[in-house]
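# Structural features, examined
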Amino acid sequence: MADMVNTSGASAVLGKFKKKPKLKEPKMTRKERNERFKKRLENLTPEEQAYLKRKRALEGVWPVVRAILVFSLCFIILYPLIFMVSTAFRPRAEMNDPTIMWIPKTLILSNITDCIKAMDFWNTLGNTVVLNIGCALLSVVTCAITGYGFARFKFKGKGILFGIVILMILVPAQIINIPQFLYFRYWDIFGIIEAVRGEPINLINSPWTMYLPALTANGIRAGLFIFLFRQSFRGLPKELEDAAYLDGCSPLRTFVQIMVPNAASVFLTVFLFAIVWYWNDYYVSTTFFTDNKTIALALKNLNDSLRLTIFGNGNVSVSPRELIVWLEAGCLISITPILVLYVVLQKYFTEGIAHSGLTGM
């Protein structure tokens, strides 16, 4: 008990910054609002009355315009998904039927089962989940620590290092592709491994090509994650850390016990971003992997896999309009895990977006 740290001071400071609930005004009926508006007009000049009338007219038109804009954007975003679902469950013969637009006459599951077999989906899914969750967790931890350092500590070269972080966001990954490939192909630590083994270690086709960058806060979109954590930690009250230091907390313990719980929604948001980007990654996977099964690589080779699995011949000629039913089915089963994850964690995801990168600017 003697070596336990008392964080009651930090808790007391945190309580001061909790938002007080706002009192809700009683709702008014349309008739009551009209009567209230007429009373306001009686005490105003003609110019002020004209201004209020124009303002009220715009307030009535704006919801309609906003609804049209939202519907248009939703249609643009959802159209590919609607087409994917409509196509994945129809027979290939109906793709040439001009009377069918969205709803097929016959619903079948054979397209899904064929794609699962062609992609070796369950083994591929397990391999992708293990690789993605490991990389995502490492990215969250290392980027959070790095972002906290930029947000709270002062040290020499801080501006230059943060400028490098911004470059990580702006510079495409393709720029460092060749040096990174050579680094993993002849991986060594200051010549020690070559001196011991006689040659460097070849990490190509190894998960370490994904784990090592994530472990050093250099994974996919790591610059953006560091920036989000920095902005989030800057938005938290400084008094929280001061109270924790007075209670005897070290900087690391303050980060773990005080800062992490108060930024939980941001951690979840960054984790979801990392999962999605690692899941959809194609460029890095094809650069460092040639025989490792991931969802992105399985989709890339789906065309040839379908020809071998369904028709037994990789060179068979199939109409692209008919082949698309299997391609869309493959895309659908590939994005389903991510959609389910987003639906389950949607509330926390939107809260994290609201608190990450938008405060402490």
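Here's a quick rundown of the structure. Keep in mind that what you see is a predicted model, and the values were worked out from it rather than measured. (Residues numbered from 1 in each chain as written. Predicted model: local features only at pLDDT ≥ 70, side-chain atom pairs only at ≥ 80, totals over all residues. Heavy atoms only, no water.)

## Some thoughts on the overall build of the protein
Filter applied, for reference: Here a strand is any run of E in DSSP of at least two residues, a helix any run of H or I of at least four, and the numbering for each starts at the N terminus. Summary of the burial criterion: residues with accessible area below 20% of their type's maximum are buried, those above 50% are exposed, and those between are partly exposed, where the area comes from a 1.4 Å probe applied to protein chains only. For the area figures, the Shrake-Rupley method with a 1.4 Å probe applies, and any residue is considered shielded solely by the protein chains shown.
Within the protein one finds 18 helices and zero strands. Per-residue burial over the protein gives 34% buried out of 361 residues. Carbon and sulfur atoms make up 65% of the accessible area of the protein, which totals about 22,900 Å².

## What to know about empty space enclosed by the protein
Test applied: Here a cavity is any set of points on a 1 Å grid over the protein atoms alone where a 1.4 Å probe fits but cannot get out, and a pocket is any open set with protein on both sides within 12 Å along at least 5 of 7 lines; a residue lines the site when it has an atom within 4 Å of a point. Grid points are joined across faces, edges and corners, and a volume is the space filled by probe spheres set on the points. As a working rule, the residues Ala, Val, Leu, Ile, Met, Phe, Trp, Tyr, Cys and Pro are called nonpolar, Asp, Glu, Lys and Arg charged, and the rest polar, with Gly in that last group.
Taken as a whole, this structure holds one cavity of 30 Å³ or more when the rule is applied. Reported here for the largest cavity is a volume of approximately 50 Å³. T128, L131, N132, M210, Y278, W279, D281, S285, T294, I295 and A296 together form the lining of the largest cavity. Where the lining of the largest cavity is concerned, the elements lending two or more residues are α5 (121–152), α13 (264–280) and α15 (295–300). The dominant element in the lining of the largest cavity, judged by the number of residues it contributes, is α5, at three residues. Counted by class, the lining of the largest cavity contains six nonpolar, four polar and one charged residues.

## Here we look at the packing of helix α10 (residues 222–234) against α13
Heads up, the rule is: Note on method: axes are straight lines fitted to C-alpha atoms, helices fitted across the in-contact stretch only, with angles between N-to-C directions ranging 0 to 180 degrees. Geometric relationships in this document are graded by angle, where less than 35 degrees denotes roughly parallel, more than 145 denotes roughly antiparallel, 65 to 115 denotes roughly perpendicular, and other angles denote oblique. Only heavy atoms enter the contact rule, under which two residues are in contact if any of them lie within 4.5 Å.
The interhelical angle for the contact between α10 and α13, taken along N-to-C directions, is 170°, at an axis separation of 11 Å. In terms of their interaxial angle, α10 and α13 are classed as roughly antiparallel. Between α10 and α13, the contacting residues are L224, F225, L228, F229, S232 and F233 on the first element and V266, F267, V270, F273, A274 and W277 on the second. In terms of residue class, the contact of α10 with α13 is made up of eleven nonpolar, one polar and no charged.

## Overview of the pattern of salt bridges
Side chains carrying opposite charge are able to pair once their charged atoms draw close together. Note the following rule: The term salt bridge refers to a side-chain nitrogen of Lys or Arg lying within 4 Å of a carboxyl oxygen of Asp or Glu.
One pass over the full model with this rule turns up two salt bridges. For the salt bridge of E241 with R152, the shortest nitrogen-to-oxygen distance reads 2.5 Å. Taken as a pair, E241 in helix α11 (residues 238–246) and R152 in helix α5 lie far apart in primary sequence, 89 residues in all. Across the pair, exposure class does not vary: E241 and R152 are buried alike. Note that E241 is salt-bridged to K238, the shortest N-O span being 4.0 Å. Here K238 and E241 lie together in helix α11, a separation of three residues that amounts to about one turn.

## Some remarks on the nonpolar core
Definition in use: Here the nonpolar core consists of buried residues drawn from Ala, Val, Leu, Ile, Met, Phe, Trp, Tyr and Cys, with membership extended through side-chain atoms lying within 4.5 Å.
Grouped together as the largest cluster of nonpolar side chains are 67 residues, with contacts concentrated most on M210, F229, F233 and F267. No other element matches α5, which puts eleven residues into this core. Not counting chain neighbours up to four residues away, the residues in contact with M210 comprise L131, C135, I220, Y278, D281, V284 and F289.

## Focus on a nonpolar patch on the surface
Note the cut-off: Here the term patch refers to residues with relative accessible area over 30% and no salt bridge, with like charges joined within 9 Å and nonpolar side chains (Val, Leu, Ile, Met, Phe, Trp, Tyr) within 5 Å.
On the surface, a cluster of nonpolar side chains totalling about 1,200 Å² of accessible area is made up of F71, L73, F75, I76, I77, L78, Y79, I82, M101, W102 and I103. Residue position: M101 is located in the loop between α3 (46–88) and α4 (110–119).

## What to know about the layout of surface pockets
One number sums up the size of the largest pocket: a volume of about 730 Å³. Lining the largest pocket are 29 residues, with A173, N218, G219, I220 and R221 positioned closest to its centre. Elements that contribute at least two residues to the lining of the largest pocket include exactly α6 (158–170), α7 (177–185), α9 (208–215), α10, α13 and α14 (283–288). In terms of residues, the lining of the largest pocket owes the most to one element, α14, which gives four residues.

## Quick word on α9
For α9, a buried count of six out of eight residues is recorded, marking the element as mostly surrounded by other parts of the structure. Of the positions making up α9, those classed as buried are T209, M210, Y211, L212, P213 and A214. Contacts from the buried residues of α9 go to α5, α7, α13 and α14. Immediately downstream of α9, the backbone of A217 shows phi near 60°, a positive value.

## Observations concerning unusual backbone geometry
One non-glycine residue, N205, lies in positive phi territory at about 65°. With respect to the helices and strands, the residue N205 is situated in the loop between α8 (192–197) and α9. With a phi close to 60°, A217 is a non-glycine residue in the positive phi region. Topologically, A217 is positioned in the loop between α9 and α10.

## What about the state of the cysteines?
Threshold: The term disulfide is used for any two cysteine sulfur atoms that are within 2.5 Å.
A complete count under the given rule lists zero disulfides for this structure. Not part of a disulfide, C115 finds its nearest cysteine sulfur in C331, a span of 8.5 Å. Of the residues examined, C115 reaches a relative accessible area of 0% and is grouped as buried.

## Focus: the packing of aromatic side chains
Geometry of an aromatic ring pair is reported as the spacing of the ring centres plus the angle between the planes. Quick note on the threshold: Under the pairing criterion, centres of Phe, Tyr and Trp rings, with the six-membered ring standing for Trp, must be within 6.5 Å; the plane angle then separates stacked pairs below 30 degrees from edge-to-face pairs above 60, leaving the rest tilted. Charge-over-ring placement is defined geometrically: NZ (Lys) or CZ (Arg) within 6 Å of the ring centre, and within 35 degrees of the ring normal.
In this structure the tally under the stated criterion is 18 aromatic pairs. With 5.5 Å between their ring centres and 90° between their planes, Y148 and F153 make a pair best called edge-to-face. The exposure class of F153 is partly exposed, given its relative accessible area of 31%. Counting every residue linked through ring pairs, the aromatic cluster contains Y148, F153, F229, F233, F255 and F267. Taking the ring centre of Y186 as reference, the NZ or CZ of R185 above it sits at 4.6 Å. The side chain of R230 reaches across the aromatic face of F162, ending 4.2 Å from its centre.

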